[in-house]
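Residue strings, one per chain:
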Amino acid sequence: MIDRRAYKTRRGKSGRQINRDQSPFLLVVVPWATILLASYLQSIPIATAGPLLPPLGFLFLLAWRLLRPGVLPIWSGIVFGMCDDLFSGQPFGSAILLFSATMLVIEIIDIRFPWRGFAQDWAIAAGIAVVYIIATTLVSGSRLTLPLFASVVPQLLLSIVAYPFIAFIVSRLDRLRNMRLRTIA
Amino acid sequence: MALSGSKQRISGHSKKAQYGAFTGYVLVVLAILLGIALLTVSLVQPTTFSGLRGLFSDATQPVSRANAAGRSGGRGFIDSVQGFLEAGQQNADLKKEVEIARIRLAEAKAVEEENRRLKALLGLQTTDVKPVAVARLVGSSSSSTRRFAYLGAGRSSGVKPGMPVRSERGIVGRVLEASRSSARVLLITDSESVLPVRRAGDNTVAFAEGRGDGLINIRLINLGINPLKRGDVFVTSGAGGLYRPGIAVAIVTRLTDDGAVARIISNPAATDFVAVEPLWQPDARRGAATPIEESLGTNDTVDGGAQEPEAQ
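This is a predicted model, so every value here is computed, not measured.

S.K.: Looking at this structure, how should I read the overall build of chain A?
M.R.: Secondary structure assignment for chain A yields seven helices and two strands. When the helices and strands of chain A are listed from N to C terminus, the series reads α-β-α-α-α-α-α-α-β. Taking all 185 residues of chain A together, 47% fall into the buried category. Within chain A, contacts between residues at least 6 apart in sequence are counted, and of these 72% link residues at least 24 apart.

Structure follows, in structure tokens:
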């Protein structure tokens, strides 16, 4: 299918772009690698006493899915979820369930509201992130007490605030993904 | 504004596209069902996937370790910049402090002398426990409500499940799963962690239960008039045989009806290197080999545990 984007990128500043095409490797690897890497990275920067870091892997998945709808297949939640479960400290299976459910929910939102701006995307991401974090708390296997839920609030707020930054990173990565590197004869 | 995915993927009359979209929906529903099944299994039997987790945390060890080293380096840099800015005031403060410290040192010497005399009288001797391994905390579950940390040493350095992990300040947690070169540590702030403690100075015994938000609930065993005060320090009591008695655990910040809320003394965020100590009473090993999630609620124990009582 010919996209409008494809014509735009052909009008590069240098004439060298004329017979270049996107690298099929980058097209696939960039989104997959960033989400998998983010899932792993959330475990290493700091050893905190309470839950603090936003769920990075999940937010990257949201950002890729909302900004570039065609890129991730609907079943990809199972792969990302499995990777996230290995490093997040949650019981194995929780991210497989929640990531897959998220992909399905966004698909439904996509069908219902096909035209969206960034503000709507942010609102959707914020809503889903709040539900996701509360759901991870419920299935984490910890004793559910009031202080535990109170301790989740900073993480919730951070996740909502972090989404635009992550979306910005994803948009830059998307530019990398679409770089025309392959020479066509 | 870009047109969203579903509009681009309207399958129209193409049978192939229709099947593709349909397969996607089937797969995502299957994935959700698989997720529910795996989640149930891992909540009922938490050790089920420890092998898989261990494999991956072993594989990512070098990166985590490099990151942990960088982290402490970065902290040192910030400290030195801060120190430079505050040098003048600090100098004056330090001089005053040294004066006081000299006096205290003399007092401490006297106390030490007295201590030695009393201990000789009692026939006690201080045994310094040699740690099994000293390693960095290379990461933690900082986005989950469960409190786990990952340790940069594993079975190959002798780390086994159940062993207490401490920093120079106090107890950090205990080893829950050990793989070849990494281990998962249950921090004392995790809501599944319970630790027998006593108040330093007297024998007010209590349980220190994690709350999951970085604080600890101190629950007194003998109920009655709450004898605790703000600032009371709790140390391990040695009950249960897992932790050596006398290691600092928490400091009371707020009183409650049946105990207190306490802050941990050894914050994992400020901890660089930790020591893994051997079990204090190895007889308790069999019980300790069972992860805490399993010993709660059910009577099932892992591996050798189930057969051993019959052999006796």
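Following the structure, the description resumes.
S.K.: Would you mind showing me how to read the nonpolar core here?
M.R.: A general feature of soluble globular proteins is that nonpolar side chains tend to end up buried together. Ranked by internal contacts, the top residues of the largest apolar core, which has 50 residues, are Leu59, Phe60, Leu62 and Ala63 of chain A. Of all elements in the fold, only helix H2 (24-41), helix H3 (56-67), helix H4 (77-88), helix H5 (94-112), helix H6 (118-139) and helix H7 (146-177) of chain A together with helix H2 (15-44) of chain B reach the threshold of two or more residues within this core. In terms of residue count, H3 of chain A provides more of this core than any other element does, 10 residues in total.

S.K.: Is there a simple way to explain the sheet that holds strand S12 (residues 273-276) of chain B in this structure?
M.R.: Backbone-to-backbone hydrogen bonds pair the strands of a sheet. The strands run either parallel or antiparallel. Residues and elements named next belong to chain B. Taken in spatial order, the six strands line up as S1-S2-S5-S4-S3-S12 and close into a barrel, and their pairing is antiparallel. Taken pair by pair, the neighbouring strands of this sheet meet at an average axis angle of 45 degrees, ignoring direction. Here four bridges tie strand S1 (residues 133-140) to S12, and the two strands are oriented antiparallel to one another. The residue of S12 that forms the bridge with Ala135 is Val274.

S.K.: I would appreciate a short explanation of the interface of chain A and chain B in the present structure.
M.R.: The parts lose accessible area when they come together, and the size of an interface is often stated as this lost area. Facing the 57 residues of chain A at the interface are 57 residues of chain B. Contributing elements (two or more residues each) for the side of chain A that touches chain B: H4, H5, H6 and H7 of chain A. With 10 residues, the single largest contributor to the side of chain A that touches chain B is H5 of chain A. Counted by class, the side of chain A that touches chain B contains 32 nonpolar, 21 polar and four charged residues.

S.K.: Got a minute to help me understand the sheet that holds strand S8 (residues 215-220) of chain B in this structure?
M.R.: All names here are of chain B. Strand order in the closed barrel made by the six strands is S6-S7-S8-S11-S10-S9, with antiparallel pairing throughout. Direction aside, the axes of adjacent strands within the sheet are offset by 40 degrees on average. Sheet topology places strand S6 (residues 194-199) next to strand S7 (residues 205-210); five bridges connect them, and they run antiparallel. Across the sheet, residue Leu195 finds its bridge partner in S7, namely Ala208.

S.K.: Looking at this model, I keep getting lost on H3 of chain A. Mind explaining?
M.R.: Since one α-helical turn is 3.6 residues long, residues separated by three or four positions face the same way. All names here are of chain A. Taking 1.5 Å as the rise per residue, H3 with 12 residues should run 16 Å; its terminal C-alpha atoms sit 16 Å apart, in good agreement. Taken together, the buried positions of H3 are occupied by Leu56, Gly57, Phe58, Leu59, Phe60, Leu61, Leu62, Ala63, Trp64, Arg65, Leu66 and Leu67. Next to the buried residues of H3 lie H2, H4, H5, H6 and H7.

S.K.: Just checking my understanding: could you explain the environment of Ile35 of chain A for this structure?
M.R.: Along the chain, the position of Ile35 of chain A falls in helix H2. Excluding anything up to four places from it in sequence, Ile35 of chain A contacts Gly57, Phe60, Leu61, Trp64 and Phe80 of chain A.

S.K.: What should I look at first to understand the packing of H5 of chain A against H6 of chain A in this one?
M.R.: To describe two helices that pack against each other, one gives the angle between their axes and the distance between the axes. Residues and elements named next belong to chain A. Running from N to C, H5 and H6 cross one another at 155 degrees; their axes reach a closest spacing of 11 Å. Classified by the angle between their axes, H5 and H6 sit roughly antiparallel to one another. Of the two possible hands of crossing, H5 and H6 adopt the one that is right-handed. Judged by residue contacts, Ser94, Leu98, Thr102, Val105 and Ile109 of H5 engage Ile124, Ile128, Tyr132, Ala135, Thr136 and Val139 from H6. Among the residues forming the contact of H5 with H6, the class breakdown is eight nonpolar, three polar and no charged.

S.K.: Looking at this structure, I do not really get the pairing of S1 of chain B. What am I missing?
M.R.: Regular strands place side chains that alternate from one sheet face to the opposite one. Residues and elements named next belong to chain B. Counting buried positions along S1 yields seven of eight residues, so the element is predominantly enclosed. Pairing geometry for S1 and strand S2 (residues 148-151), over three bridges, is antiparallel. Counterpart to Leu137 in the pairing with S2 is Leu151.

S.K.: What is the right way to look at the packing of H4 of chain A against H5 of chain A in this model?
M.R.: Residue and element names in this part refer to chain A. Where H4 contacts H5, the axes come no closer than 7 Å and their chain directions differ by 145 degrees. Where H4 crosses over H5, the two elements pack in a sense that is right-handed. On the side of H4, the interface is formed by Gly77, Ile78, Phe80, Gly81, Met82, Asp84, Asp85 and Ser88, while H5 contributes Ser94, Ala95, Ile96, Phe99, Ser100, Thr102 and Met103.

Reading the values: the criteria
Each residue is numbered by its place in its chain's sequence as written, counting from 1. Chain labels run from A onward and ligand labels from 1 onward, assigned in the order the entries are written. Residue-level local features of this predicted model are given only where pLDDT is at least 70; pairs of side-chain atoms are given and counted only at 80 or more, and the full residue set underlies all totals for whole chains, interfaces and linings. Put simply, DSSP marks the helices as runs of H or I at least four residues long and the strands as runs of E at least two long, and each gets a number from the N terminus on. Partly exposed residues are those falling between the two cut-offs: more than 12 but fewer than 20 other C-beta atoms within 10 Å of their own, whereas 20 or more means buried and 12 or fewer means exposed, with C-beta atoms placed from the backbone. Our contact criterion uses C-beta atoms placed from the backbone: two residues qualify when those atoms are within 7 Å. A set of buried Ala, Val, Leu, Ile, Met, Phe, Trp, Tyr and Cys residues, joined to one another through C-beta atoms within 7 Å, is what we call a nonpolar core. Strand pairing follows a simple DSSP-based rule, namely that at least 2 bridges must link the two strands. Axis lines are fitted to C-alpha atoms, over the contacting stretch for helices. Their N-to-C directions set the angle, which ranges from 0 to 180 degrees. Amino acid classes used here: Ala, Val, Leu, Ile, Met, Phe, Trp, Tyr, Cys and Pro are nonpolar; Asp, Glu, Lys and Arg are charged; the rest, including Gly, are polar. By this rule, a helix spans an expected 1.5 Å times one less than how many residues it contains. Oblique is the label for every angle not falling under 35 degrees (roughly parallel), over 145 degrees (roughly antiparallel), or within 65 to 115 degrees (roughly perpendicular). Crossing handedness: left-handed means the near helix sits turned counterclockwise from the far one by under a right angle, and right-handed means the same turn made clockwise.

That is the geometry; function is a separate question.
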